[in-house]
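Observations on the model geometry
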Amino acid sequence: MRVKLSPKEKMAWFIKRNKKKAGRQAALALAAVCLFIALPAAVDQPAAAGFDRDADTSLVLTMVGDLMFDRHVREAAEQHGYGSLFRHVAPLFLQSDYSTANFEQPVVLDEGYPRAPHLISFKADAAAVKALKDLNFTTVNLANNHMMDYGAAGLRDTCSTFAEAGLGVVGAGLDLEEAMQIDYRDINGVKIATLGFSNVFPLVREAAGKPEELGSADFAAAPGRAGVLTAKPANFVPLLREARQNADLVIVHLHMGQEYNSAISDAERELARTMADLGADIIVGHHPHVLKPVEIYNGAVILYSLGNFIFDQGYARTKLTAVAQYMLSRDGRARLELTPLWISSARPRPLHDLLSWGFGYQAEKILTKELGAEHRWTKEGEKIVIPLNIEK
């Protein structure tokens, strides 16, 4: 038999029941707040990315995409130091025999230099170059659409700063002859040639307010004129043939593609494959700010885009990046290791934490899209491992 409660008794029962619920909800809310406060600190301290180098490995080459040290990256570096930008990935470079990247701006030593009329302009301090030297970098590519943001004066400062640091540069110079210089290095008994070309020109704002591409006359290196080495056959055909004759490994930086597009266009594929046919062993693509697939073509490795590496862009897809490492064993076997990373606060970091697990799956899906059955890859932790044989 149900007991009929008076209005006063009903109100007392309602208050008692909801007090219990409120207690549980308050406890859950407190736990959520604590997690929200603690998680960013935990995420900011992941274990640094590195690799296990065994006794059979005779050579490790490490390649990454765009390094941009302006805007919010500059602010972070001025607050915490340029080395802090690499604190989660430093072992990848310090344990390597050769490291290279695309340097996406000139070094500007004088604030009085006029800025070129480009849609977006970047510049870096000499401290950024020192950070790369401290990380054991070997060369950087200057063949990109931002290298002439501060004209010949900015390019001159860039070349002199890298020369003083003992780092090689490719893809630009104070005249065409200098821009066409190949960087040769003898490392652990292997002669490595590095070259750089840009197939992308700066954007300027035309009278109608729409951006248009700057002509090569104001950007490309020429006899007696500073500039960037463009990816035209007259430049890359003789240089690749020369490098193929003189080096064991030929690495080509190629600034190409459409920004924010992960698909490989027919033009990109044709240009990269042509360079591979001429002797390139590894092509390091950059400019799109997003990852693109890896292709193994006639034994050559084509990294169509490694995306950003040090950058401050906020789009989710621009936060995906990867480190590519070519590893040679003493018995002549080679492999490619791809380490997906994600970028937060301009810093690349490993995929060890709760907030980044989805990035690893997405990066894996993009990077392996072009690998057929003949190029079987495996996973070792977060790394994608592809056996190679790039002998020509």
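Numbers given for residues are sequential positions, taken from 1 along each chain in its written order. A pLDDT threshold of at least 70 governs which residues receive local features in this predicted model, and a stricter bar of 80 or more applies before side-chain atom pairs are shown or counted, although totals over entire chains, interfaces and linings include all residues. Processing note: side-chain calculations cover all non-hydrogen atoms of the structure and skip hydrogens and water entirely.

**Some details on the sheet that holds strand β11 (residues 249-255)**
Two strands qualify as a pair provided DSSP detects at least 2 bridges between them. By the criteria applied, helices consist of DSSP H or I runs no shorter than four residues and strands consist of E runs no shorter than two, each listed in order from the N terminus. Reading across the sheet, the six strands line up as β6-β7-β11-β12-β14-β13 and stay open at both edges, with mixed pairing between neighbours. The open sheet has two edge strands with one neighbour each: β6 (183-187) and β13 (294-297). Each neighbouring strand pair of the sheet contributes to a mean axis angle of 20°, computed without reference to strand direction. When strand β7 (residues 190-198) meets β11, the two strands line up parallel, connected through seven bridges. Within β11, the residue paired with Gly 196 across the bridge is His 253. Contacts are assigned to residue pairs that have any heavy atoms within 4.5 Å of one another. Every axis corresponds to a line fitted to the C-alpha atoms, with the helix fit spanning only the stretch in contact, and the corresponding angles, defined between N-to-C directions, vary from 0 to 180 degrees. Docked against the sheet, helix α7 (residues 233-246) engages β6, β7 and β11, running at close to 170° with respect to β7.

**Thoughts on the side chain of Glu 268**
With respect to the helices and strands, the residue Glu 268 is situated in helix α8 (residues 266-278). Each residue's exposure class comes from its accessible area (1.4 Å probe, protein chains only) as a fraction of the maximum for that residue type: buried when under 20%, exposed when over 50%, partly exposed otherwise. The exposure class of Glu 268 is buried, given its relative accessible area of 7%. Side-chain atoms alone can form a polar contact between residues adjacent in sequence; in general such a contact is a pair of N or O atoms within 3.5 Å, and within protein one must be able to donate a hydrogen while the other accepts it. Among the polar contacts made by the side chain of Glu 268, one reaches the side chain of Lys 292 at a distance of 2.8 Å. Excluding its chain neighbours within four sequence positions, the residues that come into contact with Glu 268 are Met 256, Gly 257, Gln 258, Ala 263, Lys 292 and Tyr 304.

**Observations regarding the packing of aromatic side chains**
Aromatic ring pairs: the centre-centre distance and the angle between the two ring planes describe each pair. Within 6.5 Å between ring centres, the rings of Phe, Tyr and Trp (the latter by its six-membered ring) count as paired, and their orientation is classed by plane angle as stacked under 30 degrees, edge-to-face over 60, tilted in between. All chains considered together, the criterion is met by 12 aromatic pairs. Where Tyr 260 meets Tyr 315, the ring centres are 5.5 Å apart and the plane angle is 75°; that geometry is what we call edge-to-face. With Tyr 260 in the loop between β11 and α8 and Tyr 315 in the loop between β15 (308-310) and β16 (320-329), the pair connects residues that are 55 residues apart, well separated along the chain. Three or more aromatic residues joined by ring pairs form one cluster here, namely Phe 69, Tyr 82, Phe 86, Phe 93, Phe 103, Phe 137, Phe 162 and Phe 309. Here, a charge over a ring is recorded when the distance from Lys NZ or Arg CZ to the ring centre is within 6 Å and its angle to the ring normal is within 35 degrees. Between Lys 191 and the ring centre of Tyr 184, over which it is positioned, the NZ or CZ distance is 5.0 Å.

**Side note on the pairing of β6**
Pairing of β6 with β7 involves five bridges; the strand directions are antiparallel. When the sheet's bridge partners are listed, Ile 187 is paired in β7 with Val 190. Between β6 and the antiparallel strand that follows it, β7, lie two residues; Asn 188 among them carries a positive phi value of about 55°.

**Regarding the confidence of the model for the protein**
Across the chain, each position has a pLDDT score giving the predictor's confidence in that residue, from 0 to 100. In this model, the protein carries a mean pLDDT of 89, and residues with pLDDT of at least 70 account for 83%. Considering each helix and strand of the protein separately, the mean pLDDT is smallest for helix α1 (residues 7-43), with a value of 52, and largest for strand β2 (residues 98-103), with 99. Predicted confidence for residues 31-43 stays below pLDDT 50, and this span has six contacts to residues more than four positions away or in other chains.

**Quick word on empty space enclosed by the protein**
The pocket and cavity definitions rest on a 1 Å grid over protein atoms only: a 1.4 Å probe that fits but cannot leave marks a cavity, an open set with protein on both sides within 12 Å along at least five of seven lines marks a pocket, and residues lining either have an atom within 4 Å of a point. Grid points are joined across faces, edges and corners, and a volume is the space filled by probe spheres set on the points. As enumerated under the stated definition, the model contains one cavity of 30 Å³ or more in all. Here the largest cavity is characterised by a volume of approximately 30 Å³. Gly 171, Ala 179, Met 180, Gln 181, Ile 182, Leu 195, Gly 196, Phe 197, Leu 229 and Leu 239 together form the lining of the largest cavity. It is β7 that contributes the most residues to the lining of the largest cavity, three residues altogether. Each residue gets one of three labels, nonpolar for Ala, Val, Leu, Ile, Met, Phe, Trp, Tyr, Cys and Pro, charged for Asp, Glu, Lys and Arg, and polar for the others, Gly among them. Of the residues in the lining of the largest cavity, the class split is seven nonpolar, three polar and no charged.

**Focus: the packing of α7 against α8**
Orientation of α7 relative to α8, taken along the N-to-C sense of each, is 40°, at an axis distance of 9 Å. As far as their axial angle goes, α8 and α7 are oblique. Here α7 contributes Phe 236, Val 237, Leu 240, Arg 241 and Arg 244 to the contact with α8, which in turn contributes Leu 271, Thr 274, Met 275 and Leu 278. Considered class by class, the residues forming the contact of α7 with α8 number six nonpolar, one polar and two charged. Note that the term roughly parallel is reserved for angles under 35 degrees, roughly antiparallel for angles over 145, roughly perpendicular for angles of 65 to 115, and oblique for everything else.

**Remarks on unusual backbone geometry**
Despite not being glycine, Asn 188 has its phi angle at roughly 55°, a positive value. With respect to the element layout, Asn 188 can be found in the loop between β6 and β7. Relative accessible area serves as the criterion here: at 47%, Asn 188 is assigned to the partly exposed category. Not every positive phi belongs to a glycine, and His 287 is a case in point at roughly 125°. Note on placement: His 287 falls in the loop between β12 (282-286) and β13.

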